[in-house]
Amino acid sequence: MSTRAQQHTADVVAREQVTPHLVRLTLDVPGFVSTGIADEWVGLVVPGQFQSRYYTVRSLAGSTMVLDVVVHPVGLVTEWASGDPVGQQVTLTEAKGSFLPPVDAGWLLLVGDLTALPAMARIAVERGAATPTRIVAEVPTDSRVEGYFPDGVEVTWLPTDGASRLAEVVETLEFPEGPGYFWMAGESAQMRAIRKHLMRERKLPSTHYDVMGYWRSVAQRQPRAVDPGPIWRAGKAAGKSDEEIWADYDAAQEADR
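Described below are features of the structure shown in this document. The model shown is predicted, which means the values in this text are computed figures rather than measured ones.

1. Looking at the overall build of the chain
Moving on, step 1. Helix and strand content of the chain: six helices and twelve strands.
Moving on, step 2. Classification of the 257 residues of the chain by burial places 44% in the buried group.
Moving on, step 3. Here the analysis covers contacts within the chain between residues at least 6 apart in sequence; of these, 68% occur between residues at least 24 apart.

2. Let's talk about the pattern of salt bridges
Moving on, step 1. Counted by the stated rule, this structure contains four salt bridges.
Moving on, step 2. Of the charged contacts in the structure, one is a salt bridge between Asp68 and Arg24, with a shortest N-O distance of 2.7 Å. Here the residue Asp68 occupies a position in strand S6 (residues 64-70), and Arg24 occupies one in strand S3 (residues 22-28), the gap between them amounting to 44 residues.
Moving on, step 3. A salt bridge links Arg122 to Glu40, with the nearest nitrogen and oxygen atoms 2.9 Å apart. Separated by 82 residues along the polypeptide, Arg122 in helix H2 (residues 117-127) and Glu40 in the loop between S3 and strand S4 (41-45) bring together distant segments of the chain. Here the two residues Arg122 and Glu40 agree in accessibility, since each one is buried.

3. So, the nonpolar core
Side chains that are nonpolar tend, in soluble globular proteins, to be buried together.
Moving on, step 1. Ranked by internal contacts, the top residues of the largest apolar core, which has 26 residues, are Leu117, Met120, Ile135 and Trp183.
Moving on, step 2. Looking at this core, the elements that each hand over two or more residues are strand S8 (108-113), H2, strand S9 (133-138) and strand S11 (181-187).
Moving on, step 3. If you tally residues by element for this core, the top one is H2, at six residues.
Moving on, step 4. Not counting the four nearest positions on each side in its chain, Ile135 is found in contact with Leu110, Met120, Ala124, Phe149, Val153, Glu154, Val155 and Thr156.
Moving on, step 5. Core analysis: the second largest hydrophobic core is formed by 22 residues, Leu44, Val46, Tyr55 and Val77 among them.

4. Here's the deal with helix H4 (residues 188-202)
Moving on, step 1. With 15 residues, H4 extends 20 Å between its outermost C-alpha atoms, agreeing within 8% with the 21 Å of an ideal straight helix rising 1.5 Å per residue.
Moving on, step 2. Every buried residue belonging to H4 is among Ser188, Gln190, Met191, Ile194, His197 and Leu198, and all of these are buried.
Moving on, step 3. Here the buried face of H4 lies against helix H3 (166-172), S11 and strand S12 (209-215).
Moving on, step 4. One side-chain oxygen of the residue at the start of H4 lies 3.0 Å from the amide nitrogen of Ala189, identifying that residue as Glu187.
Moving on, step 5. Among the residues trailing H4, Lys203 stands out with phi positive, at a value near 55°.

5. Thoughts on the sheet that holds S9
Moving on, step 1. Pairing is parallel across the open sheet formed by five strands, whose spatial order is S10-S9-S8-S11-S12. Strands with a single pairing partner mark the edges of an open sheet, and in this sheet they are strand S10 (154-158) and S12. Ignoring strand direction, the axes of neighbouring strands in this sheet form an average angle of 10°.
Moving on, step 2. Bridge count between S8 and S9: six bridges; the pairing is parallel. From the neighbouring strand, Gly112 faces S9, where its bridge partner is Ala137.
Moving on, step 3. Sheet strands touched by H2: S8, S9, S10, S11 and S12. Its angle to S8, the strand with the most contacts, is close to 160°.

6. Things to note about the environment of Asp84
Moving on, step 1. Relative to the helices and strands, Asp84 is located in the loop between helix H1 (76-81) and strand S7 (89-93).
Moving on, step 2. Taking the C-alpha atoms as reference, Asp84 lies 7.7 Å from Arg15; in sequence the two are 69 residues apart.

7. Brief notes about the packing of aromatic side chains
Moving on, step 1. Counted according to the given criterion, the structure contains six aromatic pairs.
Moving on, step 2. The interplanar angle of 85° and the centroid separation of 5.9 Å between the aromatic rings of Trp107 and Phe175 together place this pair among those described as edge-to-face. In this pair, Trp107 sits in the loop between S7 and S8 while Phe175 sits in the loop between H3 and S11, placing the two residues 68 residues apart along the sequence.
Moving on, step 3. A relative accessible area of 7% places Trp107 in the buried class.

Conventions adopted
- Residues numbered from 1 in each chain as written.
- Predicted model: local features only at pLDDT ≥ 70, side-chain atom pairs only at ≥ 80, totals over all residues.
- Heavy atoms only, no water.
- Helix = DSSP H or I, 4+ residues; strand = E, 2+ residues; numbered from the N terminus.
- Buried < 20%, exposed > 50% of the residue type's maximum accessible area, 1.4 Å probe, protein only.
- Contact = heavy atoms within 4.5 Å.
- Salt bridge = Lys/Arg side-chain N within 4 Å of Asp/Glu carboxyl O.
- Core = buried A, V, L, I, M, F, W, Y, C linked by side-chain atoms within 4.5 Å.
- Expected span 1.5 Å × (residues − 1).
- Polar contact = N/O pair within 3.5 Å; in protein donor to acceptor, adjacent residues only side chain to side chain.
- Pairing = 2+ DSSP bridges.
- Axes fitted to C-alpha atoms, helices over the stretch in contact; angles between N-to-C directions.
- Phe/Tyr/Trp six-rings, centres within 6.5 Å; stacked < 30°, edge-to-face > 60°.

Okay, structure coming up:
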């Protein structure tokens, strides 16, 4: 275990296929310091890569960190997590978070798609007992995990065929009376629509909501034409900087077109 430049090297000690779309990774990260923010996330760099992808810390107990990773047909972390990563080492960047309810918040309304499940679960665990909490989760039917959220939290599961409709859902939701805190995460275009709705229609103060785009929809995910893994390994072996490796990767992509 080493820590340098606000980065941590962690060991993967367990992998569990929670649902067809969700993989749980358990990491040993001695010395990791939590922000204490319920939706904190870390950048994850997996072996053979030099680009990070961001994931919510599902839970942290001592040096044991749990990440629930959404997997797709292709992707930097997906391809690695879909294999057998136990025993390998990964790099984590410094944790950050944004969940910050005002002191007068009398309720929490959490809305999100599959990528938001870990954050909503941790928020519910850490804040649900003190503040009435409702969760609206838009996930495939086969990814509704029994017991994923703590008892006492109201949960509404919404079906999805792959295209998110959370913006339409939120526009029809009945918000509780009095001041509260609305938290939402998911596909970026949906989040932009909701921000406008909260500002123009709901007229919520900016201190009473947090809306984040976790991912961007594309017509179809495409495999990478150039695999960055070999370029990264060759660059590191040659003592190149990250900037030089990026330049090599860009040049390889141009040559492949």
